[in-house]
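Structural overview for review
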Amino acid sequence: MTNIDKMFKPDSVAIIGASNSEGKIGYIVVDNMVKCGFEGSIFPINPKDDDVQGLKAYKNVIDLPEVPDLALICIPSMGVNAVLEECGEKGVKNIVVITAGFKEVGGEGIELEKKLVEIKDKYDMNLIGPNSLGITDSQTPINCSFSQSMTPKGNMAFISQSGAMMVAIIDWSKISGIGFSKCVSLGNKAGINEIELIHELAEDKDTAVILLYLESVSEDKDFIRTIREVSKKKPVVVLKSGSSAAGAAAASSHTGALAGSDNAFTTSFEQSGIFRVETMDELFKIGLAFSKCPLPKGSNVGVITNAGGGGVISVDAMEKYGLDIAKLSKETTKKLDAVIPEEGTSNNPIDVLGDAPVSRYQDSLDILLKSDDVDALIIIVCPTAKANPDKIADSLVKEYKHYKNKPVLVVNMGGPSFDYANEVLMENGIPTYVFPEDAIEALSYLTKFAELQNLEYDYPIDNLTDVDKDAVSKIFSKVKADGRDTLLGSEAYAVAEAYGISAAPIKLATTADEAGKLAEDMEFPVVLKIASDKILHKSDIGGVKVGINSVNEAKAAFDEIIANAKAAHPDITPDGVEVQKMMDSGIEVLVGMIRDKQFGPMIAFGMGGIYVNLIEDAEFKIANGLTSYEIDQLMENTKVYKLLEGFRGEAPGDIDEVKDTIKRVARLTLDFDEISELDINPIFVYEKGSSALDIKIKL
């Protein structure tokens, strides 16, 4: 992608398909460009008319007197590629294809889009679309879209994969009091995608926050590391609809069953520093806070309210969203006591009473803005008979101008009574909400983003060098040559051994004598299990014998297991019998992996044992870009972690050993793309060390 500055700040724009016929897209786009106040040159392209809406028209792009910085294409789909070729020959570098009828319609449209991409690449053009509503930039200004009107000026950038969603938001913004720096309709994403736009907007001085509505996420093997580069610079908030089919389809392992259909997107967004929301309402109420407020220095929140109920709701919401009700010092409380009547309260939440005059709000705000006890403020105004919302708003604006280092969010609990108040507050950088929960949720995201600034990313998996990739490659090659997709237990143990993962030794015996010898070498007691990737429920057919304590017992167990397997499955020839060292019991945990088609290996950690799917105590992280901090989170967010710490006097488990296992499983699954699923369950964790008992690897 070449520099796209001129995509949004062009000096000249060509509109291919410009029209004099009202109602046509080519008419609307020209009309929007004329009315938005664009000061550059507009070149309508129309082979039939000499002028379009009073502007000199040209037959084609080649005839233009100069190379336009930006070209909009809004002609029927069958003609798009020919004019795109003309744009390339002319030297146009920035293209927006509004026309629909490409891959979204299937069939011939798919081929048209493939050709469009070839032409774009041939001439190294920046292209948005096709099937795009267009783009706007309120600062330039340009309205290269077929929306009904121009966006209000502001500092929120909105990227939408749905043109209809963008039209609706632009229309809604007229009554919401919010404004945009840029709006981009991605369309089919045949050229510029959301990841590239996020990078560009992170450096855009006109943009304070980047909001996205997405139905899919573009391919990027290093998505997490890529987005981390920008998510510290600018907050990125995403509403992602739809779900990942990969997670839903993969349920052949414990890990696959626990993964869920949409977990990969949530996890990858979280790790990359993107904030994911569930509704359009959330998207914009959080965007509003980022667009108006400075970041808090901590999570301690002060609340000023003239309604006791609003204060109680606020405290409940703070607990839900991870904020703290600020504990006020004696000095701060004493100052508040001087301005609040005895019937009110100077304890946080601060109740200034329903009859509070403007001065009481103003004085309380002044005290808390100056106090080091408070990192952020929520101001609640209920329209009591004695409240004066207009004057309260004017006074808050006046007071806040002197102390703009703390976020202040106002909750005006009502409707028409607050029309003026909401307008004046929003115009002066103070976001307003109707209910306390919305304001506190928005504030929680400001706090999360502030915390994100202090994160340092390390990549411990990259530093693992004591692994034997060649040994694993040979094992996988043999499995594939045998026509299998699942490793035998002995093969899985050899893979674990090659990657330094502690596991109970397991070897394959093909005769009774060999079973006896292997058992003796391991030291008794041992377990014997039928070796076959085709027999799933081994215990049910008498294919497992535990507590074997002698060579003779091992030989007899071998013969019995083979006989049981043949009786239950006469059509299956087992590979032999596996001999495994019996280990002492420990705290049972699971470490696993399910490969998501979009983001690669997802590492799971949680409680292990037979109840893993019943209890569902598991967390997931994407392996690519996994940090030490995230490994800690992966473990600490589970219930079994409390057992590892030592619960109610029980001995603790070796947490560092488990962390090492997680790192090694992540490294293994990143090194070998052919691993589709991996389950280690249970792992017995001891006070010192650990031992994996059952390892399943599917290719």
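Look above for the structure.
The paragraphs below set out a description of the structure included in this document. Numbers given for residues are sequential positions, taken from 1 along each chain in its written order. For a predicted model such as this one, the threshold for reporting local features is a pLDDT of at least 70, and the threshold for listing and counting side-chain atom pairs is 80 or more; totals across whole chains, interfaces and linings nevertheless cover every residue. Side-chain descriptors were evaluated using all non-hydrogen atoms of the structure, hydrogens and water having been removed beforehand.

Regarding the overall build of the protein
This is how the line gets drawn: Each helix corresponds to a stretch of at least 4 residues labelled H or I by DSSP, and each strand to a stretch of at least 2 residues labelled E; elements are numbered beginning at the N terminus. A contact between two residues is defined here by any heavy atoms of the two lying within 4.5 Å. Accessibility throughout is a Shrake-Rupley quantity obtained with a 1.4 Å probe, and a residue counts as covered only by protein chains that appear here. In this tally Asp and Glu are treated as negative and Lys and Arg as positive; neither His nor the chain ends contributes. Where a charge lies is defined by one atom per residue type, namely NZ (Lys), CZ (Arg), CG (Asp) and CD (Glu).
A tally of regular secondary structure across the protein gives 25 helices and 30 strands. The principal-axis extent of the C-alpha atoms belonging to the protein is close to 100 × 80 × 40 Å. Taking as baseline every contact in the protein between residues at least 6 positions apart, the subset at least 24 positions apart corresponds to 71%. With the model as given, the accessible surface of the protein reaches about 29400 Å², and the carbon-plus-sulfur share is 49%. Side chains of the protein carry 71 positive and 108 negative charges; the gap between the two charge centres is 2 Å.

Side note on the packing of helix α6 (residues 194-202) against helix α7 (residues 223-231)
Think of two packed helices as two axes; the pair is described by the angle between the axes and how far apart they sit. Inclusion rule: Only C-alpha atoms enter the line fits that serve as axes; for helices the fit covers just the stretch in contact. Angles between N-to-C directions range over 0 to 180 degrees. Note that the term roughly parallel is reserved for angles under 35 degrees, roughly antiparallel for angles over 145, roughly perpendicular for angles of 65 to 115, and oblique for everything else. The crossing is said to be left-handed when, going from far helix to near helix, the turn is anticlockwise and less than a right angle, and right-handed when the turn is clockwise. Put simply, Ala, Val, Leu, Ile, Met, Phe, Trp, Tyr, Cys and Pro go in the nonpolar bin, Asp, Glu, Lys and Arg in the charged bin, and everything else, Gly too, in the polar bin.
With their axes 9 Å apart at the nearest point, α6 and α7 run at an angle of 20° to one another. Viewed along their axes, α6 and α7 adopt a mutual orientation that is roughly parallel. For α6 against α7, the interelement crossing comes out left-handed. Each of I195, I198, H199 and A202 in α6 lies in contact with α7, whose residues at this interface are F223, T226, I227, E229 and V230. Partitioning the contact of α6 with α7 into residue classes produces six nonpolar, two polar and one charged.

Details of the side chain of D654
Under the convention used in this document: Exposed residues in this analysis have more than 50% of their type's maximum accessible area, buried residues have under 20%, and partly exposed residues fall in between, with area computed by a 1.4 Å probe over protein chains only. Salt bridge criterion: a side-chain nitrogen from Lys or Arg within 4 Å of a carboxyl oxygen from Asp or Glu. Nitrogen and oxygen atoms within 3.5 Å of one another constitute a polar contact, given that in protein one can donate a hydrogen and the other can accept it, and given that sequence-neighbouring residues count only through two side-chain atoms.
Note on placement: D654 falls in the loop between α24 (640-645) and α25 (655-671). Within the buried set, D654 has no salt-bridge partner at all; the shortest N-O distance to an opposite charge, 4.4 Å, is to K688. Separated by 3.1 Å, the side chain of D654 and the backbone nitrogen of E657 make a polar contact. Apart from residues lying up to four places away in sequence, D654 is in contact with V685, Y686, E687, K688 and G689.

Digging into the side chain of T136
Relative to the helices and strands, T136 resides in strand β8 (residues 134-137). Its relative accessible area of 0% is what places T136 among the buried residues. For T136, the residues in contact, after removing those within four places along its chain, are F8, I142, N143, S145, M150, T151, S181, K182 and C183.

Describing the packing of aromatic side chains
So the rule is basically this: Geometry of aromatic contacts follows a simple scheme: Phe, Tyr and Trp rings, the Trp one being its six-membered ring, pair when their centres are within 6.5 Å, and the pair is stacked under 30 degrees between planes, edge-to-face over 60, tilted otherwise. Think of it as a cone above the ring: NZ of Lys or CZ of Arg counts as a charge over the ring if it is within 6 Å of the ring centre and within 35 degrees of the ring normal.
If you walk through the whole model with that rule in mind, you get 15 aromatic pairs. Arranged with centres 5.4 Å apart and planes meeting at 85°, the rings of F275 and Y445 form a pair that is edge-to-face. Placement of the pair is F275 in strand β14 (residues 275-277) and Y445 in helix α17 (residues 436-452), with a sequence separation of 170 residues. Accessibility classification places F275 together with Y445 in one group, the buried group. An aromatic cluster of three or more residues is present, and its members are F158, W172, F180 and F284. Seen from the ring of F8, K182 lies directly overhead, with NZ or CZ sitting 5.6 Å from the centre. Lying across the ring of F265, K240 places its NZ or CZ 4.3 Å from the centre.

Section: the sheet that holds strand β1 (residues 12-16)
For clarity, the cut-off: Think of it this way: DSSP has to see at least two bridges between two strands before they count as a pair.
Strand order in the open sheet made by the five strands is β2-β1-β5-β6-β7, with parallel pairing throughout. Pairing within the sheet leaves two strands with one partner each, and these edge strands are β2 (41-45) and β7 (126-128). Strand-to-strand twist in this sheet, taken as the mean axis angle between neighbours without regard to direction, amounts to 15°. Alignment of β1 against strand β5 (residues 70-73), held across four bridges, turns out to be parallel. Across the sheet, the residue bridging to A14 is A71, located in β5. Sheet contacts for helix α2 (residues 25-35): β1, β2 and β5; angle to β1, the most-contacted strand, approximately 160°. This element, helix α3 (residues 77-90), spans β1, β5, β6 (94-97) and β7 of the sheet and lies at about 170° to β5.

Digging into the sheet that holds strand β10 (residues 153-160)
Within the open sheet, the seven strands sit side by side as β9-β8-β11-β10-β12-β13-β14. Their pairing is mixed. Each having just a single partner strand, β9 (142-145) and β14 make up the two edges of the open sheet. Ignoring which end each strand starts from, the neighbouring axes of this sheet average 20° apart. Of the pairings in the sheet, the one linking strand β13 (residues 236-240) to β14 comprises three bridges and is parallel in character. Following the sheet pairing, V237 is matched in β14 by F275. Contacts from helix α5 (residues 163-176) reach β8, β10, β11 (180-185) and β12 (209-214) within the one sheet, and its direction differs from that of β11 by about 155°.

Some thoughts on the environment of E200
Residue position: E200 is located in helix α6. For E200, a relative accessible area of 29% gives the class partly exposed. Linking E200 and V230, residues 30 residues apart in sequence, is a C-alpha distance of 9.1 Å.

Focus on the pairing of β9
By the alternation rule, side chains of β9 split into I142 and C144 and N143 and S145, which are all buried. Between β8 and β9, which pair antiparallel and follow one another directly, the connecting turn spans four residues.

Overview of unusual backbone geometry
That bond from N348 to P349 is cis: its omega, 0°, falls within 30 degrees of zero. Position of P349 relative to the elements: it lies in the loop between α13 (330-337) and β17 (350-351). Cis geometry marks the peptide bond from F524 to P525; its omega dihedral reads 0°. Along the chain, P525 falls in the loop between α20 (512-522) and β22 (526-531).

Points about helix α14 (residues 358-370)
The cut-off we apply is this: Helix span is expected to be 1.5 Å times the residue number reduced by one.
Here α14 contains 13 residues, and its C-alpha end-to-end distance of 19 Å stays within 8% of the 18 Å for a straight helix at 1.5 Å per residue. Of the surrounding elements, those touching the buried residues of α14 are β15 (300-305), α13, β17, β18 (376-381), α15 (389-400) and β19 (408-412).

Let's talk about a nonpolar patch on the surface
Selection rule: Patch members must show over 30% relative accessible area and no salt bridge, and they are joined within 9 Å when carrying like charges or within 5 Å when they are nonpolar side chains of Val, Leu, Ile, Met, Phe, Trp or Tyr.
Among the surface-exposed residues, I610, Y611, L614 and I615 lie close enough to one another that they form a single nonpolar patch of about 480 Å² accessible area. Mapping L614 onto the fold places it in helix α22 (residues 612-615). The class for L614 is exposed, based on a relative accessible area of 68%.

Considerations on α2
Along α2, the residues that are buried comprise G26, Y27, V29, V30, D31, N32 and M33. The elements touched by buried residues of α2 are β1, β2, β3 (51-52), β4 (55-56), β5 and β9. Of the residues trailing α2, G37 is marked for its positive phi of about 95°.

Concerning the state of the cysteines
Condition: Note on disulfides: each one is a pair of cysteine sulfur atoms within 2.5 Å.
In the structure shown here, the tally under the stated rule is zero disulfides. In this structure C87 is not part of a disulfide, and its nearest cysteine sulfur, from C74, lies 12 Å away. Residue C87 is classed as buried on the basis of its relative accessible area of 0%.

Section: the nonpolar core
For the record, the criterion: The definition of a nonpolar core used throughout is a set of buried Ala, Val, Leu, Ile, Met, Phe, Trp, Tyr and Cys residues joined through side-chain atoms within 4.5 Å.
Ranked by internal contacts, the top residues of the largest apolar core, which has 57 residues, are M7, I15, I135 and F223. Ranked by residue count, the leading element in this core is α6, at five residues. Ignoring any residue separated from it by four or fewer positions in sequence, one finds I135 in contact with M7, F8, L70, V96, I128, I142, N143, C144, S145, C183 and V184. Within the second largest apolar cluster, 45 residues are counted, among which are F476, A503, M635 and V658.

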